[in-house]
Amino acid sequence: MSPSKTPAEILDVDGAEVRISNPDKVVFPEPGLTKMDLVRYYLAVADGALRGAGGRPMVLKRFPKGINAEPFFQKRVPENHPEFIDTATLHYSSGTSAEETVIRDAAGLAWVVNLGCLDLNPHPVRAEDLEHPDELRVDLDPMPGVDWSQIVDTAYVAREVMADVGLVGWPKTSGSRGLHILARITPQWSFRDVRLAAETLAREVKNRAPGLATARWWKEERGESVFVDFNQNAKDRTVASAYSIRSLPDARVSTPLSWEEVRTARPEQFTVLTVPVRFAESGDPHAGIDDAAGSLDGLLALATELGPAEKAPRAGDGSGRRMSSMPLIEVARTKTKPEALAALEQWKASHSDLTSALRPADVLIDGMRGSSSLWYRVRINLQHIPEEHRPAQEALVANYDPWAGKDWPGRP
């Protein structure tokens, strides 16, 4: 981080004035990128970034303390937002509501970066119709131990399934380890229908590529496969949109690809430093996405053909809690990911006789959504440990309570 604040700068962005506070603050130490560098990045790719996020209500994911600290999630638009920032009021499944930010131009991009946002997290709806998504989102999420070629193979299977039901898939790197495939749809289906369509697509990908991909919702049951994450289409979910900067040390970017590039591209190629040059020279591979809206009729018909998805067994104690089919133990609950990793190493040190039998996918570190930020849960799947050597559930190495001190109507 910069040792002291530098004076604010006022940018003229297509006639709108945007104040950038502390413009020389270093956000990405490794490549030496400042807040102003990030603003200029988004201005350079504004056409593509707005194609993904413009006109949609978004959750503001803010990193006020830099990429090495946990962000917080802000649903409500800041009170003193400028006139060029639009808003839309979303009603959540929990019964709450929030007036969220809607950006429509390059000035809006610069403004959200000044708030400490790196990636853009829009909902799959337009501000003009908040109940009918116009985008189906396929998130190919690799389990530990899965290499890039397996993700790519899964992507081509997903493309084939989408084509068979009349949808056009548009791939992009997630900006982390996986791939996203987007499909524009006509806004006539409910969130429930869209999620069912996405789950059906995931099940069909798994059916066509068993062992390669999985549609199993519970992480410990996936093995070393690519999870086709259909729940990103649930009503309250958002994903990092096209050209979003991710909080990795190399300032990696979620980058749209052509299908010809998917086989040879690698996520680490696309950063804040490289993507503007690519955009200026080649344009946006997703330039035609808005002209390719399709129907969900094919996927919904396939849902009827496949029948209901398998449900997890429930506990017989009347609680209704899911019973895992895997031998799981919980190791820790922590506020930050570094603390989760440290707790895992502490557990491994005290169980050194077991660690050699564990496979990458047996170690489960989950980012869990709290009230306004993530917390982390560490679990171990003991499936590859002989039953007679499996340790019992022990006291947690760390036991962070993300709800401590918080209260709300109906909380137990």
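Notes on the structure follow.

Parameters at a glance
Residues numbered from 1 in each chain as written. Predicted model: local features only at pLDDT ≥ 70, side-chain atom pairs only at ≥ 80, totals over all residues. Heavy atoms only, no water. Pairing = 2+ DSSP bridges. Helix = DSSP H or I, 4+ residues; strand = E, 2+ residues; numbered from the N terminus. Contact = heavy atoms within 4.5 Å. Axes fitted to C-alpha atoms, helices over the stretch in contact; angles between N-to-C directions. Salt bridge = Lys/Arg side-chain N within 4 Å of Asp/Glu carboxyl O. Patch = residues over 30% accessible without salt bridge, like charges linked within 9 Å, V, L, I, M, F, W, Y side chains within 5 Å. Areas by Shrake-Rupley, 256 points an atom, 1.4 Å probe, with all protein chains shown as cover. Lys, Arg positive; Asp, Glu negative; His and termini not counted. Charge placed at Lys NZ, Arg CZ, Asp CG, Glu CD. Polar contact = N/O pair within 3.5 Å; in protein donor to acceptor, adjacent residues only side chain to side chain. Buried < 20%, exposed > 50% of the residue type's maximum accessible area, 1.4 Å probe, protein only. Arc of directions from axis to C-beta.

### Quick look at the sheet that holds strand E10 (residues 135–142)
Here is step 1 of the chain: Taken together, the five strands give an open sheet; going across it, the order is E11-E12-E10-E14-E13, and neighbouring strands pair in mixed fashion. Because the sheet does not close on itself, it has two edges, and the strands there are strand E11 (170–173) and strand E13 (213–214).
Here is step 2 of the chain: Pairing of E11 with strand E12 (residues 179–184), which is carried by four bridges, proceeds in the antiparallel orientation. Residue pairing in the sheet places Thr173 in a bridge with Leu179 of E12.
Here is step 3 of the chain: Set on the sheet, helix H4 (residues 148–164) makes contact with E10, E12, E13 and strand E14 (226–229); between it and E12 the angle comes to about 15°.

### Some thoughts on the pattern of salt bridges
Here is step 1 of the chain: Here the structure, examined in full by the defined rule, presents 27 salt bridges.
Here is step 2 of the chain: With its nearest N and O atoms 2.7 Å apart, the salt bridge here joins Arg263 to Asp153. One end of the pair, Arg263, is in the loop between helix H6 (259–262) and helix H7 (275–282); the other, Asp153, is in helix H4, and 110 residues separate them in sequence.
Here is step 3 of the chain: Between Glu204 and Arg208 there is a salt bridge, with its nearest N and O atoms 2.9 Å apart.

### So, a positive patch on the surface
Here is step 1 of the chain: Residues Lys75, Arg76, Arg237 and Arg369 make up a contiguous surface patch of positive charge.
Here is step 2 of the chain: Tracing the backbone shows Arg76 in the loop between strand E6 (72–74) and strand E7 (86–91).

### A closer look at the side chain of Asp362
Here is step 1 of the chain: With respect to the secondary-structure elements, Asp362 resides in the loop between helix H9 (337–350) and strand E16 (363–369).
Here is step 2 of the chain: A distance of 2.7 Å separates the side chain of Asp362 from the side chain of His384, its partner in a polar contact.

### Here's the deal with helix H8 (residues 297–306)
Here is step 1 of the chain: For H8, the full list of buried residues reads Leu299, Leu300, Leu302 and Ala303. End-on view of H8: buried residues confined to an arc of 155°, all on one side of the axis. Exposed residues lying more than 90 degrees from the buried face of H8 are Asp297, Thr304 and Glu305.
Here is step 2 of the chain: Among the residues trailing H8, Gly307 stands out with phi positive, at a value near 80°.

### A few points about the sheet that holds strand E18 (residues 398–399)
Here is step 1 of the chain: With respect to topology, four strands assemble into an open sheet ordered E16-E17-E15-E18, the strand pairing being mixed. In this open sheet, the two edge strands, each paired with only one partner strand, are E16 and E18.

### Let's talk about unusual backbone geometry
Here is step 1 of the chain: One non-glycine residue, Asp14, lies in the positive phi region at around 55°.
Here is step 2 of the chain: Relative to the assigned elements, Asp14 resides in the loop between strand E1 (9–13) and strand E2 (16–20).
Here is step 3 of the chain: Residue Asp14 is classed as exposed on the basis of its relative accessible area of 74%.
Here is step 4 of the chain: In this structure, Tyr243 takes a positive phi of about 75° despite not being glycine.

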